[in-house]
Amino acid sequence: MKKGDAIIRIPYELAINLGQEGADPSVPAVVFLKDYCETLSPAASENTREPSSKAAYYKMLPPFGGDDCLGSTDFFSDEALDALQAPLVVEETKKRKERTVARFQSEIAPNLENFPAWIDGSPVTEDHLAWAVWLITSRVLTVQGDAEEGKSYRLLIPFLDMCNHDRSSSHILSGRAVPGGELKVVAGSPVKEGDQINI
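Residues numbered from 1 in each chain as written. Predicted model: local features only at pLDDT ≥ 70, side-chain atom pairs only at ≥ 80, totals over all residues. Heavy atoms only, no water.

Trainee: Help me understand the packing of helix α5 (residues 87-108) against helix α6 (residues 126-139), please; the structure alone is not making it clear to me.
Mentor: Relative placement of two packed helices is described by the angle separating their axes and the distance separating the axes. Here α5 crosses α6 at 125 degrees, and the two axes come no closer than 10 Å. One element, α5, and the other, α6, form an angle in the oblique class. Considering the relative orientation of α5 and α6, their crossing is right-handed. On α6, the residues that touch R96, T100, V101, R103, F104, Q105 and I108 of α5 are E126, L129, A130, V133 and T137. When its residues are assigned to classes, the contact of α5 with α6 shows six nonpolar, three polar and three charged. (Axes fitted to C-alpha atoms, helices over the stretch in contact; angles between N-to-C directions. Helix = DSSP H or I, 4+ residues; strand = E, 2+ residues; numbered from the N terminus. Parallel < 35°, antiparallel > 145°, perpendicular 65-115°, else oblique. Left-handed = near helix turned anticlockwise from the far one by under 90°. Contact = heavy atoms within 4.5 Å. Nonpolar A, V, L, I, M, F, W, Y, C, P; charged D, E, K, R; others polar.)

This is the structure:
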């Protein structure tokens, strides 16, 4: 590919918009968890002949309790966190865990009977929300909305969310979170076969 070529293009309509950008990942995690449970519930599957593109995308995400979770400090025990000897990482992780617990207690636990059940029919737990927070922090991309609106949104974008972040990468995430828009990665330098695409 040449510099300036679009490496990948995804229509905005295939992205999952989790609301405006903010500092607390537990906020969009609640939105995502609710939608994930509703989309992949057995009842939703029975009511539709063909799975939605959203359901297909959700099934591709790292599963709850899966091996991918093991690499995240969000799932480390306090003992394992302390063994890192990285105070900034420990502090950030503990704050995120505290926010997750507080968000579960304030928004989900009091209304558990009205919150969608987990995909196996059991009630959602703090662990499910911690998994959702991890997905938000590891996969969500911030994208500008309409130019006149001046707002940014948290998006889960199929395929683009698999690009690793590298500050020195010349490739650029482009596009806007608007109906009819296109979200793409533009090559900032030539790409050879086999090159990893970082953004």
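Once you've had a look at it, read on.
Trainee: Just to check I follow, could you spell out the packing of helix α1 (residues 26-40) against α5 for this structure?
Mentor: Packing of α1 against α5 brings their axes to within 10 Å, and their N-to-C directions diverge by 55 degrees. Accordingly, the angle class assigned to the pair α1 and α5 is oblique. Where α1 crosses over α5, the two elements pack in a sense that is right-handed. Mapping the contact onto sequence places S26, V27, V30 and L33 in α1 and R99, T100, R103, E107 and I108 in α5. Looking at the contact of α1 with α5 residue by residue, the classes come out as four nonpolar, two polar and three charged.

Trainee: Got a minute to help me understand α5 in this structure?
Mentor: Each turn of an α-helix holds 3.6 residues, which means side chains three or four residues apart point in the same direction. When the terminal C-alpha atoms of α5 are compared, their 30 Å separation across 22 residues agrees well with the 32 Å that a helix rising 1.5 Å per residue should span. Three or more residues of α5 are buried, namely V90, T93, R96, T100, R103, F104 and I108. End-on view of α5: buried residues confined to an arc of 160 degrees, all on one side of the axis. Among the exposed residues of α5, those oriented more than 90 degrees off its buried face are P87, L88 and E98. The elements touched by buried residues of α5 are α1, α4 (78-83) and α6. (Expected span 1.5 Å × (residues − 1). Buried < 20%, exposed > 50% of the residue type's maximum accessible area, 1.4 Å probe, protein only. Arc of directions from axis to C-beta.)

Trainee: Looking at this structure, I do not really get the nonpolar core. What am I missing?
Mentor: Soluble, globular proteins show a tendency: their nonpolar side chains are buried together. Among the nonpolar cores identified, the biggest contains 28 residues, and F32, L33, Y58, I108, V124, L129 and W131 are the most heavily contacted of them. Listed by contribution, the elements that provide at least two residues to this core are β2 (16-20), α1, α3 (53-60), α5 and α6. Apart from the residues within four sequence positions on either side, I108 is in contact with V30, L33, R103, F115, V124 and L129. Formed by 17 residues, the second largest nonpolar core is a distinct cluster that contains Y12, A15, A187 and I197. (Core = buried A, V, L, I, M, F, W, Y, C linked by side-chain atoms within 4.5 Å.)

Trainee: Help me understand the sheet that holds strand β4 (residues 152-156) in this model?
Mentor: Strands in a sheet are paired, the pairing made by backbone hydrogen bonds, and the direction either parallel or antiparallel. The sheet built from three strands is open, its strands ordered β2-β4-β3 with antiparallel pairing. Looking at the sheet topology across the chains shown, the edges are occupied by β2 and β3 (141-144). Geometrically, the sheet is characterised by an average inter-axis angle of 40 degrees between neighbouring strands, direction not taken into account. The pairing of β3 with β4 spans four bridges and is classified as antiparallel. Following the sheet pairing, L141 is matched in β4 by L155. (Pairing = 2+ DSSP bridges.)

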